[in-house]
Amino acid sequence: MAEQEMKNRVIFITGGNSGIGLETALRFAEEGAHIAIFSRREKQNMIARNQIIPYGVECLTFSGNVTREGEVKLAIQKTVDKLGRLDYAFNNAGLEQFPTPIFQQSEKEFQTIMDVNLKGVWLCMKHELPYIVQSGGGVIVNNASVTGIVATDMVAAFVAAKHGVVGLSKAAALEYIAANVRVNAICPAGVETPMLDRLLVKNPDARKEIDAYHPIGRCATAREIAEAVYWLCSPKSSFITGHALVIDGGASIR
Ligand SMILES: NC(=O)c1ccc[n+]([C@@H]2O[C@H](COP(=O)([O-])OP(=O)(O)OC[C@H]3O[C@@H](n4cnc5c(N)ncnc54)[C@H](OP(=O)(O)O)[C@@H]3O)[C@@H](O)[C@H]2O)c1
């Protein structure tokens, strides 16, 4: 049997109890990495943990909110205390915006989208980076969206937050290149996850439209995104940093 590529490495994943985050946790667990997941719903965290531990790895769960610095800081600290190191982080937790024209969007909604999708990524990196440096280097992947590169209409706050995630990733990449830390963003278009399901429940007629947005004719699976995150963390992408990797079935090339 081939040696597991990530054996005894440690990854911290926000939003690790669902969708892209959970699939990424499973991908890393397959390769022997120990996992720490951080999301708000404790019960969902336990359900995810039960899927991860059969791979024979450790799985810590933290119930917390990426917008609260104290909770983020403590979870990362405890991860290193219990698992001994931090090599990778996937800052993935995010909140969708239901399509609305700008003039109807409330200040509260704008603030929430910014806090979860942008400030949350910054807070996580702030507390992950010192530990990754302490481990001798590693990789951070931030989950933006294809809307971090191009706009779609009616979700202005989401587009702004995701453009911000791409900017934060580039800034951190430059700042930490000498410390052997690579930082990249991923930019998926539609992905089959509970987030997409929630958007479709509100507007079932959008299914055809969403598939047609992608020249490839469908949305991605969460596994297709997890493979990209895994590759960005692996030594196979050792010369890639500060990059925003578009994974969109051709959506942004029209
Ligand atoms: N699905 C798509 O089409 C798509 C496309 C492009 C980009 N993305 C991005 O991919 C990321 C993951 O989304 P997904 O599609 O996998 O959706 P998902 O299945 O709904 O997962 C979202 C995850 O984020 C966690 N989360 C949400 N708010 C949080 C908060 N304030 N603090 C901590 N955790 C929080 C959720 O767990 P709790 O509810 O338990 O906190 C959940 O684990 C998001 O950043 C999203 O913007 C998704």
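Scroll up to find the structure this text is about.
This section reports on the structure supplied with the text.

Each value, and the rule that gives it
- Residues numbered from 1 in each chain as written.
- Predicted model: local features only at pLDDT ≥ 70, side-chain atom pairs only at ≥ 80, totals over all residues.
- Heavy atoms only, no water.
- Axes fitted to C-alpha atoms, helices over the stretch in contact; angles between N-to-C directions.
- Helix = DSSP H or I, 4+ residues; strand = E, 2+ residues; numbered from the N terminus.
- Parallel < 35°, antiparallel > 145°, perpendicular 65-115°, else oblique.
- Left-handed = near helix turned anticlockwise from the far one by under 90°.
- Contact = heavy atoms within 4.5 Å.
- Nonpolar A, V, L, I, M, F, W, Y, C, P; charged D, E, K, R; others polar.
- Core = buried A, V, L, I, M, F, W, Y, C linked by side-chain atoms within 4.5 Å.
- Buried < 20%, exposed > 50% of the residue type's maximum accessible area, 1.4 Å probe, protein only.
- Near = heavy atom within 4 Å.
- Polar contact = N/O pair within 3.5 Å; in protein donor to acceptor, adjacent residues only side chain to side chain.
- Areas by Shrake-Rupley, 256 points an atom, 1.4 Å probe, with all protein chains shown as cover.

**Remarks on the packing of helix α1 (residues 19–30) against helix α8 (residues 222–233)**
At their nearest, the axes of α1 and α8 sit 8 Å apart, and the two run at 55° to each other. With respect to α8, the element α1 is oriented oblique. Regarding α1 and α8, the two cross each other, and that crossing is right-handed. Of the residues in α8, those in contact with G19, I20, E23, T24, R27, F28 and E30 of α1 are A222, R223, I225, A226, E227, V229, Y230 and C233. Taken together, the residues that form the contact of α1 with α8 break down as eight nonpolar, two polar and five charged.

**Quick word on the nonpolar core**
Core analysis: the largest hydrophobic core is formed by 32 residues, its most contacted members being F12, F38, F62, L86, M125, I140 and V183. Secondary-structure elements contributing two or more residues to this core are β1 (10–14), β2 (34–39), β3 (59–63), α3 (69–83), α4 (107–134), α5 (156–176) and β6 (181–188). For this core, the leading source of residues is α4, giving six residues. What L86 contacts, discounting residues up to four positions off in sequence, is V10, I11, F12, I76, V80, E128, Y131, I132 and S135. L22, A29, F90 and A220 belong to the second-largest nonpolar core, a separate cluster that totals 31 residues.

**Focus on the site of the ligand**
Looking at the ligand, there are 28 residues lining it, with N17, S18, R40, N92 and T193 nearest. Separating an oxygen atom of the ligand from a side-chain N or O atom of N17 is a distance of 2.6 Å. Taking I20, its main chain carries an N or O atom lying 2.9 Å from an oxygen atom of the ligand. For the ligand, the accessible surface in isolation is 870 Å², of which the surrounding protein chains cover 96%. Of all the secondary-structure elements, those providing two or more residues to the shell around the ligand are α1, α5 and α6 (194–202). It is α6 that provides the largest number of residues to the shell around the ligand, a total of three residues. Per-class residue counts for the shell around the ligand are 11 nonpolar, 13 polar and four charged.

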